[in-house]
Every structure is written in C-alpha cells, then in structure tokens.
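Report on the structure
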Amino acid sequence: MNTPLLEVENLHVKYGNIEALHGISFTVGEGEIVTLIGANGAGKSTTLMAVAQLPPPEAPKITGGDIRFRGQSILGMAPDRIVADLHLALVPEGRHIFGNLTVEENLKLATYARKDGVNELNRDYKRVYQLFPRLNERRKQRSESLSGGEQQMLAVGRALMSGCRFIMLDEPSMGLAPLLMYDMFRTLKELNEEGMTILLIEQNANLALKFAHRGYVIDTGEIVAHGPCASLMENPEVKKAYLGG
Amino acid sequence: MDFIIQNILNALQWGSFYALIALGYTLVYGVLRLINFAHGDIFMVGAYIAFFLATTMLGPSFGLSPFMTFVIAVPLTMALTACVGVTLERIAYRPLRRKGAHRLYVVITALMCGLILEYGNLAVLGASRLKFPDLIEKSIWSVGDVTMTNLKVIVIVAAVVVFIFLNFIVTKTKIGMAMRGISYDKFAIPLMGIPIDSIIVFTFILGSGFAGLAGLLFAMSYPILEPFMGMIIGWKAFIAAVVGGIGDIRGAFYGGFLLGFIEVGVVTVFPSTYRDLFAFSILLLILWIKPTGLFGMPQSTKI
Ligand SMILES: Nc1ncnc2c1ncn2[C@@H]1O[C@H](COP(=O)(O)OP(=O)(O)OP(=O)(O)O)[C@@H](O)[C@H]1O
Ligand SMILES: [Mg+2]
C-alpha cells in the first residue's frame, strides 16, 4: 500500500502541564474524506492545530509521537510553510477571519505565499465566488459585518485561495442554517471529487459519517473506534454515544 | 496676517517631526500591541547616524559636496536606522514574544532598551554636544514678513510624502493587508501562509526608517546633537500618536500636526515657558473627551 498523505502516530500534546492528547494515531489518504468525531473537549480541535503546527499558547505543545506528510516528519516546521509548501490548510474553529478587512482583501491575503501567475489566481477567485455567490455580492464589505454563515463561507473560501490540496475543517457548519449547511457539504463533496483531500470535524456525527469515507472516534484524548463510516454507524457504542441511540 | 502664516508654517514643521516619529509608535503598536518606548531613542540614533555619515562623506577621504552628501545620507540614514530598529526587535522583543512574556515585561524591556541607547551613546561619545554640518545651502524666501526656508519645505514635504506612501502600503499591498490582519487576528496569519516574523520585521523597518529620516531632518534644522535629544520629542510624539488614536496611521499624522499647532499657538499668546504645560493640558482634555483618540475605534481595527 502507498504511504498515506498524512500519518499521525502516537501523538502526545500538552497545554501547559496538562496532557490533552494521550497518544493518538490516524491516517488520511490522498483524495479521502476522513472525519474525527467526539464529544466536546475530546481533543478534536487540538489535533488539527497540532497538525497545522500552530504555536502555543492557543495551540498545544507537541510532546511525543510524530506527524508525517508524504512520509516526511513535519514536526518543527513553521506553520506558514505547512500552508505554502505542503498546500495543507486549516479552517479553524471560530473562523478567525480578518474582520477589519473586506471580503476581497481576506481572500487576497490568503494568496500571500502563492507563486502562481495571475491567470491561476483569477481562476481560483472566480471559483470561490462561484461556490459562494454571497461572498461575491459582498466583496467590498468589511467582513466583520457578514453574518455568521457568510463568515464561515469566507473562512473556507480563504483556505481555498491559499491554494490548498488538503483542507482540514473544524466545524464548518457552525452557525449555518440547515439549507446552507447542505450547500456547504455539497460544495465540499464537489471539491473532493476534484481531488481535494478533506479532514473534517463535525458536531453532527450523523451528517459527518454520511459524508466521509472513514471516521475516527476520539474520546478524552484517545481514539476509541475507527473504520469505514458505514461500519461506525453500525457500531453499537458509537450509536449510543454519538448518534442519539 | 503675515504673522499667522508664519506661525502656521512653523506649526507644520514641528507637526511634521512629531508625525514622522509618531508613525513608528503607531505601526508597532498596531501590529504587536507593544508600546515601543525605545522609539524616541531610535530617532536620536538616527540623528547620530546621519551625523557620522555626513561628516565622513564631507571629510577628506570622500570629499563629496554638501548636496551630494545630503542626497546619499537620506536613504543611507534610513536604512541604517532601520537596521537598529530591527536589531532591537531581534535581540530584545522577539525572545520575549517566543516565551510568551506578559506585555508589562515587554514594555519595560522597551523602556530599558531606550535607556541603554541613551547611556550607551553617553558612554561612547561622552557628554559633549556635536554640531551637525550644513548640508544644504539655506535659502530664505520672504514674502512680506513671512520667511520660509527651503529646509522647512523639505521637512513638510517629507512628512506628506511619507504619509501618502504609508497609506498606499497599508491599503493596497498584501504586506500592508497582513499588517492590518495581524492587528485583528494574529492566530490566523500563519494559516494564510504568512510568516508572522517577517511582517513584524517589516513593521520595524518602516517605523525605524522614518524615525531615521526625522533624525536627519531634525539634525539639519536644529544642528546640536546630544544623547537625550530623543527623550522629550519621543514622549511628545507618543502622546500625539495616542491622541490621534494609536494604531491608526492617520491618527499619527493628525495627532502630530495637532500637537505642532497647539504648541505654536500657545507660544503666540503666552510666554514660551508655558508651552508644554498648555499643550499637554489640551491633549489631556482631548483624551478626556475621547479616550480612544481622534481616530481610534474601541478595540477593533488598528493601523
Ligand atoms: N488553549 C488551551 N489552553 C488550555 N487548555 C486547552 C486549550 N484549548 C483546549 N484546551 C483543553 O484541551 C482539551 C481538548 O480541547 P479541544 O478544543 O481540542 O476539544 P474539541 O474536541 O475540539 O471540543 P469541541 O467539540 O467543544 O470543539 C479540553 O479539555 C480543553 O479544555
Ligand atoms: Mg473544537
């Protein structure tokens, strides 16, 4: 079997002196959609921030294990190089858009490290505005004044503008009305069909397991179950704890 | 009438100095939320750098004309002063940032760096004052009773050009957008593929470079240099930046010019010993009415 795109092996991380992940391991293959599900405080966001190599104190400190991308360890790599060189983007929990910049400026800023020419960039802008027409209508608007759902679209759009081939999404449906939520997932599916690898965190475990190929269940910093989504949905433990019976 | 115009010109000149220095406070604050108390002393270092460049270039080994010396000294002074600012960032502020030090310690470090620059200068060069050489031939234009020196015009034009340039950088370029972005949400900057440290270094280059320019122009206008020359003017520029709304580059300019006008205005009415008392009282009143400064918006956007 080929080496997976992303391998996390026996990862331990701490916030201060408190260990938040106690040796978790998982893989994401190229072109796959993988989901991490788990209760509040299980360590899902922590895992994604560790993979993105974000610095403490907001993100955790990695104290053991390894994270490999195409077989190479990425521990100690600068977070901006993860985006620029590995084309691995994170849409963080809580969006973190630049509220004092316009929609257009937010998207432009995400292209900071790209070396592509104007044609490629324009193609990507067009694509993002096509995927999220609301952003197009609000191009010149200060992004602070967008609705929560629109801000979420901007956060995803911004990740796409960074030129990513692998996107990690931390609760992208947060604050979205049901209809918009389905739109968002349809959009993500479309991106996946074009070759985008996706690692997804989603509160709605039902939705996540229907959408993804494989899943990992994480509980207080440990992986407690994993497998293809179909089998996880049949797993009585998972059913009881996360799928509402 | 002539009297008024004359005073307006003087106010514009002093306002230009304050504005050029206030910029550095505001840029660094906008990006790092750090009040760089060493900034007034970077201005002083800029004046000394200009002095050594000028005397060297005028001296026998180069023998350049005063005008050529001026032309070369402007970019060189800015570049070298920028290096000093960046060095300070590297050796003093960055290590603290890495360790996640509390803001108070960073501010105290800045204060100490300023003192080290002052007393380092005193230790190395002694207490004697230096006389800055004449670089441009002073031409004085008189219209009625109004006199205007070319140097004053250069100072005012420099401030305006710097303002337009900075406005362009901050609103139109990606690095300027990144500077604004950091001030809003530092966490997300690396997620955009942007190395935070390079944006911070760029900010220090801009702020210190313009302080260097101010140091050179100030030394040409008031050609006596001493190690503590940056202290009071630095404090004043800092206050101007706060009154204008710290973190906003327009604020630095309006605050700087406002202070220039208040000072000159006070002196036309009262004895000059009252100048600073009145000037600071008026600024205090402005802050009392609008605590965020003229352009400051509570919390959100900076730069
Ligand atoms: N910056 C931080 N400092 C200290 N502890 C933190 C920090 N961020 C998270 N934690 C702790 O780490 C653990 C895992 O948090 P994490 O945010 O990864 O959970 P999560 O699975 O994403 O939860 P949710 O579904 O609520 O988003 C929690 O116990 C949390 O209290
Ligand atoms: Mg979370």
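In short, a report on the structure. Keep in mind the model is a prediction, meaning the values are calculated, not measured.

The rules we used
- Residues numbered from 1 in each chain as written.
- Chains lettered and ligands numbered in written order.
- Predicted model: local features only at pLDDT ≥ 70, side-chain atom pairs only at ≥ 80, totals over all residues.
- Heavy atoms only, no water.
- Near = heavy atom within 4 Å.
- Polar contact = N/O pair within 3.5 Å; in protein donor to acceptor, adjacent residues only side chain to side chain.
- Areas by Shrake-Rupley, 256 points an atom, 1.4 Å probe, with all protein chains shown as cover.
- Axes fitted to C-alpha atoms, helices over the stretch in contact; angles between N-to-C directions.
- Helix = DSSP H or I, 4+ residues; strand = E, 2+ residues; numbered from the N terminus.
- Contact = heavy atoms within 4.5 Å.
- Nonpolar A, V, L, I, M, F, W, Y, C, P; charged D, E, K, R; others polar.
- Phe/Tyr/Trp six-rings, centres within 6.5 Å; stacked < 30°, edge-to-face > 60°.
- Lys NZ or Arg CZ within 6 Å of the ring centre and 35° of its normal.
- Donors = N, O, S within 2.8 Å, 3.2 Å for Na, K, Ca; no water.
- Buried < 20%, exposed > 50% of the residue type's maximum accessible area, 1.4 Å probe, protein only.
- 1 Å grid on protein atoms, 1.4 Å probe; cavity = no way out; pocket = protein on both sides within 12 Å on 5 of 7 lines; lining within 4 Å.
- Points joined across faces, edges and corners; volume = space filled by probe spheres on them.
- Expected span 1.5 Å × (residues − 1).
- Arc of directions from axis to C-beta.
- Buried area = accessible area lost by both parts, 1.4 Å probe.
- Salt bridge = Lys/Arg side-chain N within 4 Å of Asp/Glu carboxyl O.
- Patch = residues over 30% accessible without salt bridge, like charges linked within 9 Å, V, L, I, M, F, W, Y side chains within 5 Å.

All names here are of chain A. Neighbouring residues of ligand 1: 15 residues in total, closest Gly 41, Lys 44, Ser 45, Thr 46 and Glu 93. Take Tyr 15: an N or O atom from its side chain is 3.4 Å from a nitrogen atom of ligand 1. Contact between ligand 1 and Gln 203: an oxygen atom at 2.9 Å from a side-chain N or O atom of the residue. Expressed as a share of its isolated accessible area of 630 Å², the protein-covered part of ligand 1 is 62%.

Let us look at the packing of helix 2 (residues 39–58) of chain B against helix 4 (residues 103–125) of chain B. All names here are of chain B. One way to put it is that helix 2 packs onto helix 4 with a least axis distance of 9 Å and a crossing angle of 30°. Within the contact between the two elements, helix 2 uses Asp 41, Ile 42, Met 44, Val 45, Tyr 48 and Phe 52 and helix 4 uses Gly 114, Leu 115, Leu 117, Glu 118, Asn 121 and Leu 125. When the residues that make up the contact of helix 2 with helix 4 are grouped by side-chain class, the tally is eight nonpolar, two polar and two charged.

Residues and elements named next belong to chain A. Cis geometry is adopted by the peptide bond preceding Pro 57, which originates at Pro 56 and carries an omega value of 10°. Position of Pro 57 relative to the elements: it lies in the loop between helix 1 (44–51) and strand 4 (61–69). The backbone of Gln 53 sits at a positive phi, close to 60°, despite the residue not being glycine. One can find Gln 53 in the loop between helix 1 and strand 4. A positive phi angle, near 35°, is found at Thr 220, a position not held by glycine. Residue placement: Thr 220 occurs in the loop between strand 9 (214–219) and strand 10 (222–228).

Enumeration over the complete set of coordinates arrives at 22 aromatic pairs over all chains. Both rings, one in Phe 165 of chain B and one in Phe 210 of chain B, keep their centres 6.3 Å apart while their planes meet at 80°; by these two values the pair is edge-to-face. On the criterion of sequence distance, the pair formed by Phe 165 of chain B in helix 5 (residues 150–172) and Phe 210 of chain B in helix 7 (residues 196–221) is long-range, its members being 45 residues apart. Following the ring pairs from residue to residue traces out a cluster consisting of Trp 14, Phe 17, Tyr 18, Phe 43, Phe 218 and Tyr 222 of chain B. The ring of Tyr 129 of chain A has Arg 139 of chain A lying over it, and the distance from NZ or CZ to the ring centre is 4.1 Å.

All names here are of chain A. Protein coordination at the magnesium ion (ligand 2): the donors are Ser 45 (OG) and Glu 93 (OE), at 1.9 to 2.4 Å from the metal. Here Ser 45, found in helix 1, pairs with Glu 93, found in the loop between strand 6 (88–91) and helix 3 (103–109); they are 48 residues apart in sequence, far enough to count as distant. For Glu 93, a relative accessible area of 36% puts it in the partly exposed group.

Residues and elements named next belong to chain B. For the coordinates displayed, the defined rule picks out three cavities of 30 Å³ or more. Each pocket or cavity is described by its volume, and for the largest cavity that value is around 50 Å³. Lining the largest cavity we find Pro 133, Asp 134, Leu 135, Ile 136, Lys 138, Leu 151 and Met 220. Split by residue class, the lining of the largest cavity holds five nonpolar, no polar and two charged.

With that out of the way, let us pick up helix 10 (residues 275–289) of chain B. Residues and elements named next belong to chain B. Spanning 15 residues, helix 10 covers 21 Å between terminal C-alpha atoms, matching the ideal 21 Å at 1.5 Å per step. Among the residues making up helix 10, those that are buried are Ala 279, Leu 283 and Ile 286. Here the buried residues of helix 10 occupy an arc of 55° about the axis, which is enough to place them on one side. Exposed side of helix 10, more than 90 degrees from the buried face: Leu 277, Leu 284, Trp 288 and Ile 289 are the residues found there. Buried positions along helix 10 lie against helix 8 (229–244) and helix 9 (249–269).

With that settled, the discussion passes to the interface of chain B and chain A. Listed by partner, the interface residues are 25 residues for chain B and 25 residues for chain A. Of the roughly 2,300 Å² buried where chain B meets chain A, counting both sides, 68% is carbon and sulfur surface. Between the two partners, chain B and chain A, sit one salt bridge. With a closest N to O distance of 3.0 Å, Glu 105 of chain A and Arg 180 of chain B form a salt bridge. Where chain B packs against chain A, one counts five residue pairs in polar contact (both at pLDDT 80 or more). Broken down by secondary-structure element, the contributors of at least two residues to the side of chain B that touches chain A are helix 5, helix 6 (174–184) and helix 7 of chain B. Among the elements that take part in the side of chain B that touches chain A, helix 6 of chain B stands out by supplying eight residues, more than any other.

Moving on: a nonpolar patch on the surface. Residue and element names in this part refer to chain B. Together, Leu 104, Tyr 105, Ile 108, Leu 111, Met 112, Ile 116, Met 231, Ile 232 and Trp 235 line one region of the surface with nonpolar side chains, adding up to about 890 Å² of accessible area. At the level of secondary structure, the elements contributing two or more residues to the nonpolar patch comprise helix 4 and helix 8. For the nonpolar patch, the element with the most residues is helix 4, which contributes six residues. Secondary-structure assignment places Met 112 in helix 4.

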